[in-house]
Protein chains: 4
Amino acid sequence: MKRAEGGGEQKEVVSLETLSKKMDDFAKARDWEKFHSPRNLLLAMVGEVGELSEIFQWKGEVARGLPDWKEEEKVHLGEELSDVLLYLVRLSDACGVDLGKAALRKLELNAIKYPVKQTDHSSSNINLKEEN
Amino acid sequence: MKRAEGGGEQKEVVSLETLSKKMDDFAKARDWEKFHSPRNLLLAMVGEVGELSEIFQWKGEVARGLPDWKEEEKVHLGEELSDVLLYLVRLSDACGVDLGKAALRKLELNAIKYPVKQTDHSSSNINLKEEN
Amino acid sequence: MKRAEGGGEQKEVVSLETLSKKMDDFAKARDWEKFHSPRNLLLAMVGEVGELSEIFQWKGEVARGLPDWKEEEKVHLGEELSDVLLYLVRLSDACGVDLGKAALRKLELNAIKYPVKQTDHSSSNINLKEEN
Amino acid sequence: MKRAEGGGEQKEVVSLETLSKKMDDFAKARDWEKFHSPRNLLLAMVGEVGELSEIFQWKGEVARGLPDWKEEEKVHLGEELSDVLLYLVRLSDACGVDLGKAALRKLELNAIKYPVKQTDHSSSNINLKEEN
């Protein structure tokens, strides 16, 4: 279901597979597959991580939701976040890794590695918000 | 449809929204939201990019599909790719950026920035652009 | 002169050339030169940048001088800063770049790119530019 | 001694302390010290690592010494390597870490961690080139 209940902004449902397919079509149409070796893509991604970091570099601590940022800064941020994502998806494909499957598995491993402390959050996590 | 036609390995359909929701639940259940400021998450992502790079650092050029890699190396790679993805998704959320939407938009911008040269790829790529 | 005047901690004078020579001897003695191609070293450096970032990732804003850090954290930090430096020096050598010379030149370019505003800092900073 | 014996290109001797002092003067003269918190500088350095990576991203494997690169590419490379170095030096200072001292210590630790195999290289390392 894409519809958000009760109004508010609707979040688009985008799968990693869709992005993977679009990146693949994009590279094929431009004959760029020859450039898309794993280490080339990895370094391209590191380049984008650098551009993302530049956005945050002189800002000091930044509040969640970026309340003080201009709209154009947020748009720019969205572009850099996307560039990292798109190269990450493409790198995964170049390596034959199913990124979505791997990410779900990693979340399960993380849940085992960092178990929830039941005693601290006894009744349906009702106390979680107190300190937050 | 998750089923792949005609056999072969079936790729799981995983949306960014699913990962976002799972990361959010994960953080809430452990009372980790207080740590998830934008710059903390960005640096955590840079840390994971470093771990990903370490996998490739002494290998020289690596062939697409990683034909010579051991299975355990590929599993490890999938974990590091996932760690980058998960922090990227979480960072986007912390910034109030709809990553899926932004990525689709960025793909459109890229298609404008790098137009397909019709003359070079007239016959073989003519269908590629329909979906793109 | 290595001696600091008037007491206080004495800072060691270490040149990039010394580090370069030591890295070269180190690699030769272990027959590691074959691994030290430019892109291998670059990815190794990115790996170390990741480890450096991990030290800072969950700390929120950090005050200059790290007044609240434990001694062992500072030692660890020094090691990670060093790892980045050592691979950077080695990468420069693998590329045939004289890093010290390049850095001095870049400082000059920066001084041209970002001129000092005389009016703002007339009295207190007037001597700063002599050496720069 | 800065003079290289027997002709050839002369390498400039540049110490980390010189760079540190010049960066400090540079920042003071521009009233930029207020921006130079540890995490700001770290992110700025990550940004420069990204720019450095971009130089290498589509090149596939690159030979030592960069024999096929144009002079202007090498100059650009020197600038990006320098930017990483300068922020690294500045970050170390912001953290109160003596980078030169730390680097020498790290080299000693590395020598202990990775001892030279005496048996393989018995007489003054003459056999170093054989497969290690």
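The rules behind each value
- Residues numbered from 1 in each chain as written.
- Chains lettered and ligands numbered in written order.
- Predicted model: local features only at pLDDT ≥ 70, side-chain atom pairs only at ≥ 80, totals over all residues.
- Heavy atoms only, no water.
- pLDDT = per-residue confidence, 0-100.
- Contact = heavy atoms within 4.5 Å.
- Helix = DSSP H or I, 4+ residues; strand = E, 2+ residues; numbered from the N terminus.
- Least-squares fit on C-alpha atoms with pLDDT ≥ 70 in both.
- Axes fitted to C-alpha atoms, helices over the stretch in contact; angles between N-to-C directions.
- Parallel < 35°, antiparallel > 145°, perpendicular 65-115°, else oblique.
- Left-handed = near helix turned anticlockwise from the far one by under 90°.
- Phe/Tyr/Trp six-rings, centres within 6.5 Å; stacked < 30°, edge-to-face > 60°.
- Lys NZ or Arg CZ within 6 Å of the ring centre and 35° of its normal.
- Buried area = accessible area lost by both parts, 1.4 Å probe.
- Salt bridge = Lys/Arg side-chain N within 4 Å of Asp/Glu carboxyl O.
- Polar contact = N/O pair within 3.5 Å; in protein donor to acceptor, adjacent residues only side chain to side chain.

Q: Describe in detail the confidence of the model for chain A, supporting the description with residues and values.
A: Residue and element names in this part refer to chain A. Per-chain confidence: chain A averages 87 in pLDDT, with 80% of residues scoring 70 or above. With pLDDT under 50 throughout, residues 1-8 is counted as low confidence; its partners more than four residues away or in other chains account for six contacts. Taken together, the stretch residues 120-132 has pLDDT below 50 and engages in 16 contacts with residues farther than four places along the chain or on a different chain.

Q: Which residues make up the environment of Tyr87(B), and what are the values?
A: Within the secondary structure, Tyr87(B) is located in helix α3 (residues 71-94). Remark: the alpha-carbon pair of Tyr87(B) and Leu42(B), spanning 45 residues in sequence, is separated by 7.5 Å. Excluding residues that lie within four positions of it along the chain, Tyr87(B) makes contacts with Met23(B), Leu41(B), Ala44(B), Met45(B), Glu48(B) and Trp58(C).

Q: An account of the relation of the copies chain C and chain D is needed here, citing residue identities and associated values.
A: Between the two copies, chain C and chain D, the superposition gives an RMSD of 0.0 Å; the rotation angle is 180° and the shift along the axis is 0.0 Å. Both copies of the chain, as the preceding transformation shows, are related through a two-fold rotation axis. Closest to the rotation axis within chain C is the C-alpha of Ser15(C), separated from it by 1.9 Å. Looking at chain C, 98% of its interface residues are interface residues in chain D too, so the copies touch through the same face.

Q: Got a sec to walk through the packing of helix α2 (residues 38-56) of chain A against helix α2 (residues 38-56) of chain C? Specific residues and values, please.
A: Two numbers describe how α2(A) lies on α2(C): the axes approach to 12 Å, and their chain directions differ by 45°. Put simply, α2(A) runs oblique to α2(C). The two elements α2(A) and α2(C) cross, and the hand of that crossing is left-handed. Two secondary-structure elements touch here, α2(A) through Arg39(A), Asn40(A), Leu42(A), Leu43(A) and Val46(A) and α2(C) through Arg39(C), Asn40(C), Leu42(C), Leu43(C) and Val46(C).

Q: Help me get a handle on the relation of the copies chain D and chain A, residues and values and all.
A: For the pair chain D and chain A, the superposition axis carries a translation of 0.0 Å, the fit reaches an RMSD of 0.0 Å, and the rotation angle comes to 180°. In this assembly the copies share their binding face: 100% of the residues contributing to the interface of chain D also contribute to that of chain A.

Q: Describe in detail the packing of aromatic side chains, supporting the description with residues and values.
A: In total, this model carries 16 aromatic pairs over all chains according to the counting rule given. Arranged with centres 6.0 Å apart and planes meeting at 55°, the rings of Trp58(B) and Tyr87(C) form a pair that is tilted. Here the residue Trp58(B) occupies a position in the loop between α2 (38-56) and α3, and Tyr87(C) occupies one in helix α3 (residues 71-94), the pair thus bridging two chains. Here the aromatic cluster, defined as three or more aromatic residues joined through ring pairs, consists of Phe26(A), Trp32(A) and Tyr114(B). Over the ring of Phe26(B) we find Arg30(B); its NZ or CZ atom is 3.6 Å from the centre of that ring. Taking NZ or CZ as reference, Lys59(D) lies 4.5 Å from the ring centre of Trp69(D), over its face.

Q: Report on the interface of chain C and chain D, specifying residues and quantitative values.
A: Counting residues at the interface gives 82 residues for chain C, matched by 84 residues for chain D. Between chain C and chain D the total buried area reaches about 7100 Å² when both faces are included, carbon and sulfur atoms providing 64% of it. At the junction of chain C with chain D, the criterion picks out four salt bridges. For the interface between chain C and chain D, the tally reads 24 residue pairs in polar contact (both at pLDDT 80 or more). At the level of secondary structure, the elements contributing two or more residues to the side of chain C that touches chain D comprise α1 (16-29), α2, α3, α4 (99-113) and α5 (128-131) of chain C.

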